[in-house]
Amino acid sequence: MPPETKDRVDALLEGLNPPQREAVTHGEGPLLILAGAGSGKTRVLTHRIAWLLRTGRARADEILAITFTNKAAQEMRERVELLVGRATRAMWVMTFHSACARMLRADAHRLGYTRQFTIYDAADSRRVIKKVVDDLDIDPKRFTPRAMQAQISDAKNKLRSADDYRGLVGSFFEQTVADVYEQYERELHRANAMDFDDLLFRAVNVLELFQEVRDRYASAFRWILVDEYQDTNHAQYRWLQLLSSEHRNLAVVGDDDQAIYAFRGADIRNILDFEDDYPDAHVVRLEQNYRSTQIILSAANAVVSNNRGRKVKSLWTEVGEGDPIKVRELADEHAEARFVVAEVERLVDEGVSRAEIAVFYRTNAQSRVLEDMLVRAQIGYQVIGGTKFYERAEIKDAISYLTFLVNPADGGAFTRVANSPKRGIGQTSLSRILAHADTTGITPWEAAEHPEQVPMLGKAAQKAIGRFMSVMERLRERAAGEAPVGDLLEEMLRETGYTDALQAERTIEAQGRIENLEELVRVAREYDATAPDETRGVGEFLQQIALLSDADERRDDEGLVTLMTLHNAKGLEFPIVFMIGCEDGVFPHSRALDEGDVEEERRLAYVGITRAMRDLYITYARRRNAFGANSFGVRSRFVDEIPRELTDQPDRNAVGIGRPAGSGRVASWATAAAASAEALGGRREPDGAGQVFRMGDDVIHAAFGDGVVTGVEPGGIVVVRFAGDRSERKLMADYAPIRKR
DNA sequence: CGTAAATGTTTTTTT
DNA sequence: AACATTTACG
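Since the structure is predicted, the reported quantities are computational estimates derived from the model, not experimental observations. (Residues numbered from 1 in each chain as written. Chains lettered and ligands numbered in written order. Predicted model: local features only at pLDDT ≥ 70, side-chain atom pairs only at ≥ 80, totals over all residues. Heavy atoms only, no water.)

Caption draft 1: Just the overall build of chain A, in detail. In terms of regular secondary structure, chain A is built from 30 helices and 23 strands. Within chain A, residue pairs in contact and separated by at least 24 positions form 73% of the contacts whose partners lie at least 6 positions apart. Summed over all atoms, the accessible surface of chain A reaches about 32600 Å², with 49% contributed by carbon and sulfur. (Helix = DSSP H or I, 4+ residues; strand = E, 2+ residues; numbered from the N terminus. Contact = heavy atoms within 4.5 Å. Areas by Shrake-Rupley, 256 points an atom, 1.4 Å probe, with all protein chains shown as cover.)

Caption draft 2: Geometry of empty space enclosed by the protein. By the definition in use, this model includes one cavity of 30 Å³ or more. Approximately 50 Å³ is the volume found for the largest cavity. Along its surface, the largest cavity is lined by Val303, Met579, Cys582, Ala605, Ile609, Ile618, Ser636, Phe638, Val639 and Ile642. Among the elements of the structure, helix H28 (598-610) and helix H29 (637-640) are those that each provide at least two residues to the lining of the largest cavity. A class-by-class count of the residues in the lining of the largest cavity yields nine nonpolar, one polar and no charged. (1 Å grid on protein atoms, 1.4 Å probe; cavity = no way out; pocket = protein on both sides within 12 Å on 5 of 7 lines; lining within 4 Å. Points joined across faces, edges and corners; volume = space filled by probe spheres on them. Nonpolar A, V, L, I, M, F, W, Y, C, P; charged D, E, K, R; others polar.)

Caption draft 3: Layout of the packing of helix H16 (residues 333-349) against helix H17 (residues 367-376). Axis separation between H16 and H17 bottoms out at 9 Å; the angle between their running directions is 45 degrees. By the angle class used here, H16 and H17 are oblique. For the element pair H16 and H17, the recorded crossing hand is right-handed. Facing H16, whose interface residues are Glu333, His334, Ala337, Arg338, Val340 and Val341, H17 presents Val369, Leu370, Met373 and Leu374. Taken together, the residues of the contact of H16 with H17 break down into seven nonpolar, one polar and two charged. (Axes fitted to C-alpha atoms, helices over the stretch in contact; angles between N-to-C directions. Parallel < 35°, antiparallel > 145°, perpendicular 65-115°, else oblique. Left-handed = near helix turned anticlockwise from the far one by under 90°.)

Caption draft 4: Expanded view of the side chain of Gln543. Among the structural elements, Gln543 can be located in helix H26 (residues 538-546). Not counting residues up to four positions away in its chain, the partners in contact with Gln543 are Ala101, Arg105, Arg115, Gln116, Phe117 and Ile119.

Caption draft 5: Region of the structure containing the packing of aromatic side chains. A complete count under the given rule lists 21 aromatic pairs for this structure. Their ring planes at 80 degrees and their centres at 6.2 Å tell us that Tyr165 and Tyr181 sit as a pair that is edge-to-face. Separated by 16 residues along the polypeptide, Tyr165 in helix H8 (residues 162-167) and Tyr181 in helix H9 (residues 172-190) bring together distant segments of the chain. Each member of the pair, Tyr165 together with Tyr181, is buried. Residues Tyr527 and Phe541 carry aromatic rings whose centres are separated by 5.1 Å and whose planes lie at 55 degrees to one another, so their mutual orientation is tilted. Of this pair, Tyr527 sits in helix H25 (residues 508-530) while Phe541 sits in helix H26, placing them 14 residues apart in sequence. Assigned by exposure class, Tyr527 and Phe541 land together as buried. The ring centre of Phe201 lies 5.0 Å from the NZ or CZ of Arg202, which sits over that ring. Over the aromatic face of Tyr617 sits the side chain of Lys326, whose NZ or CZ is 5.3 Å from the ring centroid. (Phe/Tyr/Trp six-rings, centres within 6.5 Å; stacked < 30°, edge-to-face > 60°. Buried < 20%, exposed > 50% of the residue type's maximum accessible area, 1.4 Å probe, protein only. Lys NZ or Arg CZ within 6 Å of the ring centre and 35° of its normal.)

Caption draft 6: Structural context of the protein's contact with DNA strand B. Around DNA strand B, the surrounding shell holds 24 residues, and the nearest of these are Lys141, Arg362, Thr428, Ser429 and Arg591. Close to the protein, within 4 Å, the atoms of DNA strand B belong to sugar or phosphate groups at a rate of 57%. Within the contact set of DNA strand B, a sugar or linking oxygen lies 3.3 Å away from a side-chain nitrogen or oxygen of Arg264. (Near = heavy atom within 4 Å. Polar contact = N/O pair within 3.5 Å; in protein donor to acceptor, adjacent residues only side chain to side chain.)

Caption draft 7: Inspection of helix H22 (residues 459-480) at higher detail. For H22, built from 22 residues, the straight-helix expectation of 32 Å at 1.5 Å per residue is met to within 8% by its first-to-last C-alpha distance of 31 Å. Along H22, the residues that are buried comprise Ala461, Gln462, Ala464, Ile465, Phe468, Met469, Val471, Met472, Leu475 and Ala479. For H22, the elements touching its buried residues are helix H18 (393-406), helix H19 (411-418), helix H20 (427-440), helix H21 (444-449), helix H23 (485-495) and H26. In the segment just after H22, Glu482 is the residue with positive phi, at about 60 degrees. (Expected span 1.5 Å × (residues − 1).)

Caption draft 8: How the structure looks around the side chain of Gln20. Position of Gln20 relative to the elements: it lies in helix H2 (residues 18-24). Here Gln20 is in contact with Gly15, Ser39, Gly40, Val44, Leu286 and Tyr290, once residues within four sequence places are set aside.

Caption draft 9: Local environment of the sheet that holds strand S16 (residues 612-621). Here we have six strands laid out as an open sheet, ordered S11-S16-S15-S12-S14-S13, and parallel in their pairing. The open sheet terminates on both sides in strands that have one partner only, identified here as strand S11 (326-330) and strand S13 (381-383). Going from strand to strand, the sheet's axes swing by 20 degrees on average, the running direction of each strand aside. When strand S15 (residues 574-579) meets S16, the two strands line up parallel, connected through five bridges. Bridge pairing links Met579 to Ile618 in S16. (Pairing = 2+ DSSP bridges.)

Caption draft 10: Molecular detail of the pairing of strand S1 (residues 31-35). Most of S1 is tucked away, with five of its five residues classed as buried. Neither face of S1 is left uncovered, since the one carrying Leu31, Ile33 and Ala35 and the one carrying Leu32 and Leu34 both have all their residues buried. Strand direction decides the pairing type here: S1 and strand S8 (residues 282-286), joined by five bridges, are parallel. Across the sheet, Leu34 pairs through a bridge with Arg285, a residue of S8. Sheet topology note: the S1/strand S7 (residues 250-254) ladder contains four bridges and is parallel. The residue of S7 that forms the bridge with Leu34 is Gly254.

Caption draft 11: Looking closely at the packing of H19 against H20. Contact geometry for H19 and H20: axes closest at 11 Å, N-to-C directions at 155 degrees. When the axis of H19 is compared with that of H20, the two are roughly antiparallel. Judged by the twist between their axes, the crossing of H19 over H20 is right-handed. Where H19 abuts H20, its residues Gly411, Phe414, Thr415 and Ala418 lie against Leu430, Ile433 and Leu434.

Everything listed here is a matter of coordinates, which is why it stays silent on function.
Next comes the structure, spelled out in structure tokens:
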């Protein structure tokens, strides 16, 4: 190695601790990196890639790096480029699904798909399943499409085909699933479409069935690196196995304590058994945490240590003790939101940037109350997840138009756009056209091209279809002529009258939709400008956006408070973290309790806690609006698993809805309500006269307005923080003009 | 064929 | 409570 190169390699290793360095400089052979939360695993991955490149062990096109989100992939590529000082376009850094889609574009023809195959999202797939259930005369009440979909997805994640599944049938339910699965596969194939699970499944199929494809990739990818390995499923495991079969340079990074995707088929054994699969694997443990205070780490450790069957690890930090964890009980979800918002305002006053603050919750629905409150307080925020941009009706419509242009077999896309905007093509006409295509073995596009040949189709419908298709024909020529996607999209929105129809509505919502479509055009133009030549085109654009996730939309430089589910929080860190809704039934989720998946929920708690660098707030509510009805809650068991001395509420059981001493669990809302009443004891509000105030109560003051009780002191004094001027005042409960809301 | 009202269903987490 | 889907009517 020339001395100059050696210096640059040494520079790469500077600032790494010994185990990190060991992982980065591991040579040939399998490598397992057990990386505790905040132990710098991303740093290790990027430095390892840079090291492989710098030392000449790898060319960029010999590296395959798998990340969990597209955003993470992009960041990883940028960081590697910074380290090695040049572009790394040839390197494959992407998610499992993106990598598989890319491989399938090249080789799907071997399985009877074209390279323009459509990627169906969960909603598209659900629609197909519904149709199948309907066609097969199955009672959708007994066999809900939702359950069917879950079963099929599960099978695919285990690499079980419809045939395989049928062979394992053990009940009437499964028998029915087998029928649906089989027909579903036929429908997808006929539409030249794949669902998310297919991308992995079919990619494995191609590698297994075609030796030359396997050889091509297995020899190309000399170095493979995988992040978040604890959340891989069997199909992903097999895919990696096939790709790494030749060089065996597979490096995986993960933490079994952060496995939170079992519900999606992830198999924690993939990481636990790595050393059995690769007996010669080199194992590195990263146990020094660079992120959180000792108190936060201790809390996380205490909680997760209640799980069994984990690889024992001991995280430590040099960051220092830090502040106690702030635990708050609030009256209901509104008081909870008010507390969070008031605290955010206080922190911002202290000079904290909003971008340093995140709020985590178990389910997306919980963001709503919080959003209301943030809007009122005029605090900028972003919500990750929930209703996604690409799931909005108008965006789906626009995408379906493009999809139908490039994939004329996609009857789903056709159905979606044919009568949107309204042009007099109803459900009946559509069904006739699709049935005609079905029976004569032509594509929906071809059938629609010749409406006069469709049996039973009315004259008016024929004319409407004709007009629609002549627009589509023109657009298709433009698409084939490799027009930029942005131009094509704009033309489409204009020519089909889509924008005009929205404009005609003259409503604020329609205006919002138009703005969303403009945003989509902007995304397309961005794609036109940045996509490498070889991957340009409508088809590729569509496949790429189909694989975008919520997490990819996250922005971290615009001074916004971030709201997201605990699942979306994986891999991120924030100086200040709020975990809200910490009640049994909400978190851990009641469904998980029913199904005995408490350990996964606990890992979710571990993930949430370990995102916090400096300050952690945990809140729970006594009362919460579940289905329109109020339910009473009990503090989450996870809160009680945090040693009290790590919190600012060492005697928190003295007041409020503490878990009844000695009782193990409270699993249902019914028993929860009883337990709550018991815990409240004689402290329930008297009707009418003399009010009793508790921490978290919402109050209205005649002069100061809305507020929340932040403390109760002897002598009938209550401490109230007011939303209006954010002041905190001590008031005499009996004399001050305050009442509960 | 399209709209409006009525009914039923929904809340886990997501690539 | 909110939303989607179904049903009834114009």
